[in-house]
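# Close look at the chain arrangement
Listed below, chain by chain, are the residues.
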Amino acid sequence: MITTPLHLRHYTHEDLPRIRQTLLDVHADAYANAMDSPFNQRFAWFVDHWGGHAGFACVMGYDGDESVGYAYGAPAADGREWWRGHADPAPENTRTFAVSELMVRPRWRGTGTSVQLHHTLLAHRDEDLAVLTVDTEHPRVRALYESWGYRKVGESRPFPDSPLFAVMLAALPLERPSPIPSPSPIPSHK
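Now for a description of the structure that goes with this document. (Residues numbered from 1 in each chain as written. Predicted model: local features only at pLDDT ≥ 70, side-chain atom pairs only at ≥ 80, totals over all residues. Heavy atoms only, no water.)

It is worth spelling out the packing of aromatic side chains at this point. Applying the stated criterion to the full structure yields 7 aromatic pairs. Summarising the aromatic geometry, the rings of Trp45 and Phe46 are spaced 4.9 Å apart at their centres and angled 85° between planes, so their arrangement reads as edge-to-face. Judged by its relative accessible area of 46%, Trp45 is partly exposed. Summarising the aromatic geometry, the rings of Phe56 and Tyr72 are spaced 5.3 Å apart at their centres and angled 55° between planes, so their arrangement reads as tilted. Residue Phe56 is located in the loop between helix 3 (43-51) and strand 2 (57-63), and its partner Tyr72 is located in strand 3 (residues 66-75); the two are separated by 16 residues in the primary sequence. With respect to class, Phe56 is no different from Tyr72; both count as buried. (Phe/Tyr/Trp six-rings, centres within 6.5 Å; stacked < 30°, edge-to-face > 60°. Buried < 20%, exposed > 50% of the residue type's maximum accessible area, 1.4 Å probe, protein only. Helix = DSSP H or I, 4+ residues; strand = E, 2+ residues; numbered from the N terminus.)

Below is the structure:
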């Protein structure tokens, strides 16, 4: 159930210099108890990597002036859908949007913030599929993604020090869970 009315703002690759520190701050808050992990300490690299994609898209939720979380990703390069090796058989339609991060500050967890951010990020995508990964040690998060239409197609450890991730695919467009109030989107100010 959604209890937090959010103002949602959309950002692109061109906005990264302006939002980068906010992305890092939300991550530091969300992972406050796990920041001793070298993998988590490299998060700035991931922000720069994903934000460097021309098709980078980000939705950030605000409670007043405070950023409470975000979802971001980018389209996969056509013909280079890294998840293909995990899906047997691979779907015929392969244009994919890779959801890289869905992060919510602890205070707003359990309020419906994650579904608002995630579904808003994917609401107007024209790709056929969405792909994401989730730490295999977080079965409740995996179950949440499954409730949104994702299915596990394999497992991957992309870096030697990363967790083992479940690779999950969903067909787009996603069905919108009910009830989700219509948030008041606030366009980014460029």
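Attention now goes to helix 4 (residues 113-122). Most of helix 4 is tucked away, with 10 of its 10 residues classed as buried. Along helix 4, the residues that are buried comprise Thr113, Ser114, Val115, Gln116, Leu117, His118, His119, Thr120, Leu121 and Leu122. Considering only its buried residues, helix 4 is in contact with strand 1 (7-12), strand 2, strand 3, strand 4 (96-104), strand 5 (129-135) and helix 5 (139-147). (Contact = heavy atoms within 4.5 Å.)

Moving on, we get to the pattern of salt bridges. Taken as a whole and assessed by the stated rule, the structure comprises 9 salt bridges. Between Arg105 and Asp29 there is a salt bridge, and its shortest N-O distance comes to 3.1 Å. Taken together, the positions of Arg105 in the loop between strand 4 and helix 4 and Asp29 in helix 1 (residues 16-30) put the pair 76 residues apart, joining distant regions of the chain. Across the pair Asp128 and Arg95 runs a salt bridge whose closest N-O atoms are separated by 3.5 Å. One end of the pair, Asp128, is in the loop between helix 4 and strand 5; the other, Arg95, is in the loop between strand 3 and strand 4, and 33 residues separate them in sequence. If you follow the salt bridges from partner to partner, you end up with Arg95, Asp126 and Asp128 in one network. (Salt bridge = Lys/Arg side-chain N within 4 Å of Asp/Glu carboxyl O.)

Judged by nonpolar contacts, the single largest core of 27 residues is most densely connected at Ile19, Leu23, Phe43, Cys58, Met60, Tyr70 and Tyr72. Of all the secondary structure elements, the ones that give two or more residues to this core are helix 1, helix 3, strand 2, strand 3, strand 4, strand 5 and strand 7 (165-171). Broken down by element, the residue count for this core peaks at 6 residues, all from helix 1. In contact with Leu23, not counting residues within four places along its chain, are Leu16, Phe43, Val47, Cys58, Met60, Tyr70 and Tyr72. Listed in part, the 26 residues of the second largest apolar core include Val104, Val134, Trp148 and Tyr150. (Core = buried A, V, L, I, M, F, W, Y, C linked by side-chain atoms within 4.5 Å.)

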